[in-house]
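# Close look at the chain arrangement
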Amino acid sequence: MTKTALIGAQILVQGRWLTGQALLIDPPAIVDITPDTDIPPGFEPVRLHGGLLAPGFIDTQVNGGGGVLFNERPTIDGVRAIAEAHRTFGTTGLLPTLISDDYDVIAKGIAAVREAMAQGIPGVLGIHIEGPFLNVEKKGIHDASKIRRMDSEAVALLASLGTGKTLVTLAPEMVAPGLIAELVARGVIVAAGHTLATSEDVDRAAAEGLRAMTHLFNAMPPLAGRSPGAVGAALASSLICGLILDGHHVHPTALKAALRAKGPKELMLVTDAMPTVGADIEKFSLGATEIFRAEGALRSAEGTLAGSDLDMIRAVRNAVSMMDVSLADACIMASATPADLLGLARTYGCLAPGARADIVHLTDAVAIARTWIGGE
């Protein structure tokens with residue numbers, strides 16, 4: 001593989017845009033960042049003619065894309081199609097996500113991701129299993145008939161990937177004491193979501209190793225003075241919180257409040273994307289429920305939001321416009337923060353010597369010009 005020197009674009013390094021620098025790549029890693037007048041022998045210059053180089057985006061909640069819903073196609077081909085669709089929008093690392101389903105579907109999804117990683121399908125970092133261990137009263141679009149209590153069989157299944165990263169979303173109040181700690185001990189990253197948890201429930205879960213909050217504000221009660229709930233506990237803690245910035249899931253004022261409480265290093269952008277992303281389709285089926293695409297949102301006939309039609313580059317742009325953050329901070333929320341949650345900091349989500357060469361080239365208008373995964 002060719003050693004390259006990317007030149008002619010600003011480079012995001014530790015929250016600052018550097019000019020006049022070259023990003024040296026020896027696939028699959030970044031070798032160094034050096035003045036573009038001092039490129040070492042053996043590196044082929046690649047002139048980018050402007051724009052911005054940022055770490056590739058990492059999306060921890062991807063239900064589908066390219067016309068594929070992971071629950072409906074829990075196969076290696078399904079994983080490949082989803083990853084390819086999202087790469088177009090700057091996502092160089094992702095967790096294909098299963099929403100609440102039967103154990104056999106979960107087992108198939110885990111096997112598909114395991115095989116995808118073994119075959120080196122670009123961008124696949126592991127799996128996100130969202131449910132079925134949720135609170136049925138906050139199920140959202142999830143099928144109530146799939147929701148159940150966690151037991152030892154479930155713990156073994158959830159921890160069975162054997163490679164990459166496994167993120168599990170559950171409702172802490174619905175899980176017996178000790179089971180979150182058991183999952184964490186077996187290498188699973190645990191998030192809270194679709195929950196009626198009190199702040200005390202979240203604190204207990206955090207003591208067992210809870211690390212994150214799935215789509216903060218959505219599928220959980222609002223913050224109240226005498227009943228802070230999951231939102232209050234998340235804002236008052238160091239939990240990393242996912243946010244869906246599609247203009248439908250969360251009001252901009254709530255986004256700004258979260259930013260003030262947490263900062264970019266504890267907020268991560270997620271898409272919660274469905275099959276419509278990267279596909280020219282206007283509807284699809286989620287189990288027995290038909291989902292319609294209209295005005296930038298995905299809803300059932302009854303009006304329930306069903307994931308999103310969002311991609312990561314739009315999430316980054318929306319962070320700038322809705323949250324009043326800098327583009328650098330928006331990129332941190334799309335890369336470094338999810339990398340931190342996944343235990344991949346300093347290897348993913350940054351442009352630095354020794355880090356993996358997962359890179360996105362943005363135009364001056366913050367559109368995707370090109371992506372690299374592992375330097376290719």
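Relevant structure appears above.
Residues numbered from 1 in each chain as written. Predicted model: local features only at pLDDT ≥ 70, side-chain atom pairs only at ≥ 80, totals over all residues. Heavy atoms only, no water.

### A few points about the overall build of the chain
Per the secondary structure count, the chain includes ten helices and 22 strands. Taking 21 Å as the expected radius of gyration for a compact globule of 376 residues, we find that the chain reaches 20 Å, a close match to that expectation. Counting every position in the chain, which comprises 376 residues, the buried fraction comes to 56%. (Helix = DSSP H or I, 4+ residues; strand = E, 2+ residues; numbered from the N terminus. Rg over C-alpha atoms; globule rule 2.2 N^0.38 Å. Buried < 20%, exposed > 50% of the residue type's maximum accessible area, 1.4 Å probe, protein only.)

### With respect to the sheet that holds strand S14 (residues 189-192)
Each strand in a sheet pairs with another by means of backbone hydrogen bonds, the pair being arranged parallel or else antiparallel. Across the sheet, which stays open at both edges, the eight strands sit in the order S8-S11-S12-S13-S14-S15-S16-S17 with parallel pairing between neighbours. Edge strands, defined here as strands with exactly one partner in the open sheet, are strand S8 (57-62) and strand S17 (267-270). Lying on the sheet, helix H9 (residues 327-334) is in contact with S8 and S17; it crosses S17 at an angle near 75 degrees. (Pairing = 2+ DSSP bridges. Contact = heavy atoms within 4.5 Å. Axes fitted to C-alpha atoms, helices over the stretch in contact; angles between N-to-C directions.)

### Overview of the pattern of salt bridges
Here the structure, examined in full by the defined rule, presents eleven salt bridges. The partner of Arg204 in a salt bridge is Glu208, and the shortest N-O contact between them spans 3.4 Å. What makes Arg204 partly exposed here is its relative accessible area of 25%. Within the structure, one salt-bridge network assembled from shared partners comprises Asp102, Lys146 and Arg148. (Salt bridge = Lys/Arg side-chain N within 4 Å of Asp/Glu carboxyl O.)

### Structural notes on helix H8 (residues 312-323)
The terminal C-alpha atoms of H8, which comprises twelve residues, lie 15 Å apart, in line with the 16 Å expected from a rise of 1.5 Å per residue. Every buried residue of H8 is listed here: Met312, Ile313, Ala315, Val316, Asn318, Ala319, Met322 and Met323. Following H8 by one or two positions, Asp324 has its phi on the positive side, about 60 degrees. (Expected span 1.5 Å × (residues − 1).)

### A word on the packing of aromatic side chains
All told, the structure shown has one aromatic pair when counted by the stated rule. Consider the rings of Tyr103 and Phe133, whose centres lie 6.4 Å apart with planes at 55 degrees: the pair is tilted. One end of the pair, Tyr103, is in helix H2 (residues 103-118); the other, Phe133, is in the loop between strand S12 (126-130) and helix H3 (152-158), with 30 residues separating them in the sequence. For the pair Tyr103 and Phe133, a shared accessibility class is recorded, and that class is buried. (Phe/Tyr/Trp six-rings, centres within 6.5 Å; stacked < 30°, edge-to-face > 60°.)

### Here's the deal with the sheet that holds strand S4 (residues 21-26)
In space, the four strands of this open sheet follow the order S5-S4-S1-S6, with mixed pairing throughout. Only two strands of the sheet have a single partner each, and these edge strands are strand S5 (29-35) and strand S6 (44-47). In this sheet, neighbouring strand axes are inclined to one another by 25 degrees on average, regardless of whether the strands run parallel or antiparallel. The pairing of strand S1 (residues 4-7) with S4 spans three bridges and is antiparallel. In the strand pairing of S4, Ala5 is matched with Leu24.

### What about the packing of H8 against H9?
Viewed as axis vectors pointing N to C, H8 and H9 meet at an angle of 135 degrees, and their least axial separation amounts to 9 Å. With respect to H9, the element H8 is oriented oblique. Of the two elements, H8 crosses H9, and the hand of that crossing is right-handed. Residues Met312, Val316, Ala319, Val320 and Met323 of H8 touch H9, and the partners they reach there are Leu327, Ala330, Met333 and Ala334. Looking at the contact of H8 with H9 residue by residue, the class counts come to nine nonpolar, no polar and no charged. (Parallel < 35°, antiparallel > 145°, perpendicular 65-115°, else oblique. Left-handed = near helix turned anticlockwise from the far one by under 90°. Nonpolar A, V, L, I, M, F, W, Y, C, P; charged D, E, K, R; others polar.)

### A few points about H2
Between its first and last C-alpha, H2 extends 22 Å over 16 residues, near the 22 Å set by a 1.5 Å rise per residue. Listing the buried residues of H2 in full gives Tyr103, Val105, Ile106, Gly109, Ile110, Ala112, Val113 and Ala116. Buried residues belonging to H2 abut helix H1 (76-87), strand S11 (91-99), S12 and H3. Once H2 ends, the next one or two residues include Gly120, with phi positive near 75 degrees.

### Describing the pairing of S1
In S1, alternate side chains face the same way, and those of Thr4 and Leu6 on one face and Ala5 and Ile7 on the other are all buried. Sheet analysis places S1 next to S6, joined by four bridges and oriented parallel. Looking at S6, one finds that Thr4 is bridged to Glu44.

### A few points about the environment of Ile189
Among the structural elements, Ile189 can be located in strand S14. Taking the C-alpha atoms as reference points, Ile189 and Ala85, 104 residues apart in sequence, are found 25 Å from one another.

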